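# Structural overview
Read off the chains here:
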Amino acid sequence: MGVRALTGRAFSRIIRRLDYSSPVAQVAAATNKQHDTEDSSRRPSAKALGCLGAGVAGLIGLIGVAYADEAEHGLPAPHYPWPHNGVLSSYDHASIRRGHQVYQQVCAACHSMSFVAFRDLIGVAYTEDEVKAIAAEIEVEDGPNDEGEMYMRPGKPSDHFPSPYSNEQAARFANGGAYPPDLSLITKARHNGQNYVFALLTGYRDPPAGVSVREGLHYNPYFPGGAIAMPKMLVDGAVEYEDEVPATESQMAKDVVTFLSWAAEPEMEERKLMGFKVMFVLSLALLQAGYYKRWKWASIKSRRVIVDVVN
Amino acid sequence: MCVCVCVCVCVPEREREREREGSRRRRQRARHTGTPAQQTDMDAPKRIKPGALYAAYRLLTRRNSVYVSFIIVGALVGEKVLDSATNKLWLYNNQGKMYEDISVLGMKATGEE
């Protein structure tokens, strides 16, 4: 009874705000006025019931969405406190250096990073001489010489990171039909990329009871579908760091994700700096614009308007 | 100069008129009565007390050339100040994370070779 009274009164208020000249509104207002004065039997109109029913049905529908999410999108990754998370926070460049080492020694066997060049690391993780030394370790096929033959030469800083496979088909064939994606932009190419990659790398575990994963795949709850072709690659001590930081699984995962974040967004530090300066200047401009507007409008806002109409 | 200069770069005509009126009346009054004119007289368009801000406003908007020069020089100087202040804040906030702080810089070139 109380709920019906509430909907009836609220509905009548809504009706009154409508255009009074419309006949429907007038009739509804007339009938509702009668209901307001009488406190006894009050029937909610069909419209009110319909609106209520639609709302309840919508709410019920929303519940189903949440359950479908995990099977389709994988377990949502937690939000880790990355050192570069703040408004004015830069990358941890020592971490980028270690992450590159992890990529080179662990991931580069299967994953390419063909959009990153060696020279991009100069001034970020290595000096120019170091980058030249690193690049010279690889061999690159170069264009025809004077005799028209292709030849191999040691790498230069302008070369891009070498790909482990020559094309996608070779990659699929070597990995049981699954293609190890290029990692140049992976943290931007996946939803919540940085947290997702870290959770994925450290998230390998035994499947829960009743869940079986076929031969060749591995269980990882963060991967959409739960079965990923990549085996667990990061184990404690897989890599030896130059700066004697202990190479635990989570340390390596953190470093490699920092490196991948830098590879996907090398402009982040400049972007944050510029954003801070721009927002600061714009906020000053906002104050100036607000003052100017109020100043110009002062004469209009403080005038006296006399409306002398005869009805 | 990446600062966006988005103010009116010409002293509006109405402002100029007010300035001229105000200064003309002050000169007349000074001539007649011999007393220095008060700025809180009826010819002042605003009823604010004269302060440093108001004096600066008067100083800068008398001539359009002064106004424009102030804007340009102000933008250049302001940009330098803002840049250096932001960079100091950035360096303070990111101690230990910068490229220069890498402890093993240079090891790869000498160690590997």
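Residues numbered from 1 in each chain as written. Chains lettered and ligands numbered in written order. Predicted model: local features only at pLDDT ≥ 70, side-chain atom pairs only at ≥ 80, totals over all residues. Heavy atoms only, no water.

In the nomenclature of an unreviewed UniProt entry, chain B is known as Cytochrome b-c1 complex subunit 9 of Adiantum capillus-veneris. Per UniProt, the comment on chain B under Sequence similarities (unreviewed entry) is "Belongs to the UQCR10/QCR9 family." (UniProt positions renumbered as here; feature names shortened; annotations may be inferred.)

As recorded in an unreviewed UniProt entry, chain A goes by Cytochrome c domain-containing protein and comes from Adiantum capillus-veneris. In its Sequence similarities (unreviewed entry) section, the UniProt record describing chain A reads: "Belongs to the cytochrome c family." If you open the UniProt record of chain A and go to Subcellular location (unreviewed entry), you find "Mitochondrion inner membrane".

## Let's talk about the overall build of chain A
A count of helical and extended segments in chain A gives 10 helices and 4 strands. The helix and strand sequence of chain A, counted from the amino end, reads α-α-α-α-α-β-β-α-α-α-β-β-α-α. Taken over 311 residues, chain A has a buried fraction of 33%. Counting only contacts in chain A whose residues sit at least 6 apart along the sequence, the fraction spanning at least 24 positions is 62%. (Helix = DSSP H or I, 4+ residues; strand = E, 2+ residues; numbered from the N terminus. Buried < 20%, exposed > 50% of the residue type's maximum accessible area, 1.4 Å probe, protein only. Contact = heavy atoms within 4.5 Å.)

## Focus on the packing of aromatic side chains
Under the defined criterion, the tally for this structure stands at 9 aromatic pairs over all chains. Cluster of aromatic residues (ring-pair linked, three or more members): Tyr103, Phe118, Phe161, Phe259 and Trp262 of chain A. (Phe/Tyr/Trp six-rings, centres within 6.5 Å; stacked < 30°, edge-to-face > 60°.)

## Details of the packing of helix H8 (residues 193-202) of chain A against helix H9 (residues 249-264) of chain A
Think of two packed helices as two axes; the pair is described by the angle between the axes and how far apart they sit. Residues and elements named next belong to chain A. Between H8 and H9, whose axes approach to 9 Å, the crossing angle comes to 150°. For the element pair H8 and H9, the recorded crossing hand is right-handed. Facing Gln194, Val197, Phe198, Leu201 and Thr202 of H8, the residues of H9 in contact are Glu249, Ser250, Ala253, Lys254, Val256, Val257, Leu260 and Ser261. When its residues are assigned to classes, the contact of H8 with H9 shows 7 nonpolar, 4 polar and 2 charged. (Axes fitted to C-alpha atoms, helices over the stretch in contact; angles between N-to-C directions. Left-handed = near helix turned anticlockwise from the far one by under 90°. Nonpolar A, V, L, I, M, F, W, Y, C, P; charged D, E, K, R; others polar.)

## Section: the nonpolar core
Residue and element names in this part refer to chain A. Grouped together as the largest cluster of nonpolar side chains are 45 residues, with contacts concentrated most on Tyr103, Met113, Leu121, Phe161, Phe259 and Trp262. Going through the elements one at a time, helix H4 (93-107), helix H5 (128-136), H8 and H9 are the ones with two or more residues in this core. When residues of this core are assigned to their parent elements, the largest contribution, 8 residues, is made by H9. Setting aside anything within four residues of it in sequence, one finds Phe259 in contact with Ile96, Gly99, His100, Tyr103, Met113, Leu121 and Phe161. (Core = buried A, V, L, I, M, F, W, Y, C linked by side-chain atoms within 4.5 Å.)

## Focus on a nonpolar patch on the surface
Residue and element names in this part refer to chain B. A contiguous nonpolar surface patch, about 430 Å² in accessible area, is contributed by Ile72, Val73, Leu76, Val77 and Val81. Examined against the element boundaries, Val77 turns out to sit in helix H3 (residues 64-93). Overall, the relative accessible area of 48% leaves Val77 in the partly exposed class. (Patch = residues over 30% accessible without salt bridge, like charges linked within 9 Å, V, L, I, M, F, W, Y side chains within 5 Å. Areas by Shrake-Rupley, 256 points an atom, 1.4 Å probe, with all protein chains shown as cover. Salt bridge = Lys/Arg side-chain N within 4 Å of Asp/Glu carboxyl O.)

## Digging into the interface of chain B and chain A
Across the boundary between the two partners, chain B contributes 26 residues, which contact 31 residues of chain A. Area buried by chain B at its contact with chain A is led by Trp90, Lys97 and Lys108 of chain B, which between them contribute 29% of it. Applying the counting rule to chain B against chain A returns 1 salt bridge. Note that Lys277 of chain A and Asp83 of chain B form a salt bridge whose closest N and O atoms lie 2.7 Å from each other. If you look at where chain B meets chain A, you find 10 residue pairs in polar contact (both at pLDDT 80 or more). For the side of chain B that touches chain A, the elements supplying multiple residues, two or more each, are helix H1 (13-33), H3 and helix H4 (107-112) of chain B. At 7 residues, H3 of chain B tops the list of elements feeding residues into the side of chain B that touches chain A. Classifying every residue of the side of chain B that touches chain A gives 11 nonpolar, 7 polar and 8 charged. (Buried area = accessible area lost by both parts, 1.4 Å probe. Polar contact = N/O pair within 3.5 Å; in protein donor to acceptor, adjacent residues only side chain to side chain.)

## Remarks on the UniProt feature "binding site: heme c" (unreviewed entry) in chain A
Residues and elements named next belong to chain A. The feature "binding site: heme c" (unreviewed entry), as given by UniProt, occupies Cys107, Cys110, His111 and Met230 in the numbering adopted here. In terms of the greatest pairwise C-alpha distance, the residues named above, spread along 124 residues, form a tight cluster of at most 10.8 Å across. Filtering the just-named annotated residues for those lining the second largest pocket gives Cys107, Cys110, His111 and Met230. Counting through the fold element by element, Cys110 comes out in the loop between H4 and H5. (1 Å grid on protein atoms, 1.4 Å probe; cavity = no way out; pocket = protein on both sides within 12 Å on 5 of 7 lines; lining within 4 Å.)

## Here's the deal with the layout of surface pockets
Residues and elements named next belong to chain A. Considered as a void within the structure, the second largest pocket measures approximately 600 Å³ in volume. Around the second largest pocket, the lining comprises 25 residues; the ones closest to its centre are His111, Pro180, Pro181, Ile228 and Met230. For the lining of the second largest pocket, the elements supplying multiple residues, two or more each, are H4, H8 and H9. Among the elements that line the lining of the second largest pocket, the one with the most residues is H8, at 4 residues. Here the lining of the second largest pocket is composed, by residue class, of 22 nonpolar, 2 polar and 1 charged. (Points joined across faces, edges and corners; volume = space filled by probe spheres on them.)

## Topic: the UniProt feature "domain: Cytochrome c" (unreviewed entry) in chain A
Listed under "domain: Cytochrome c" (unreviewed entry) in the UniProt record, and renumbered for this structure, are residues 94-246 of chain A. Secondary structure across residues 94-246 of chain A divides into 29% helix and 8% strand, with the first and last C-alpha atoms of the span separated by 14 Å.

## Digging into the environment of Ser261 of chain A
All names here are of chain A. Within the element layout of this structure, Ser261 appears in helix H9. Remark: the alpha-carbon pair of Ser261 and Leu183, spanning 78 residues in sequence, is separated by 9.8 Å. Residues within four places of Ser261 in sequence aside, it is in contact with His84, Tyr91, Thr187 and Gln194. Looking at Ser261, its side chain comes within polar contact range of the main-chain oxygen of Val257, at 2.7 Å.

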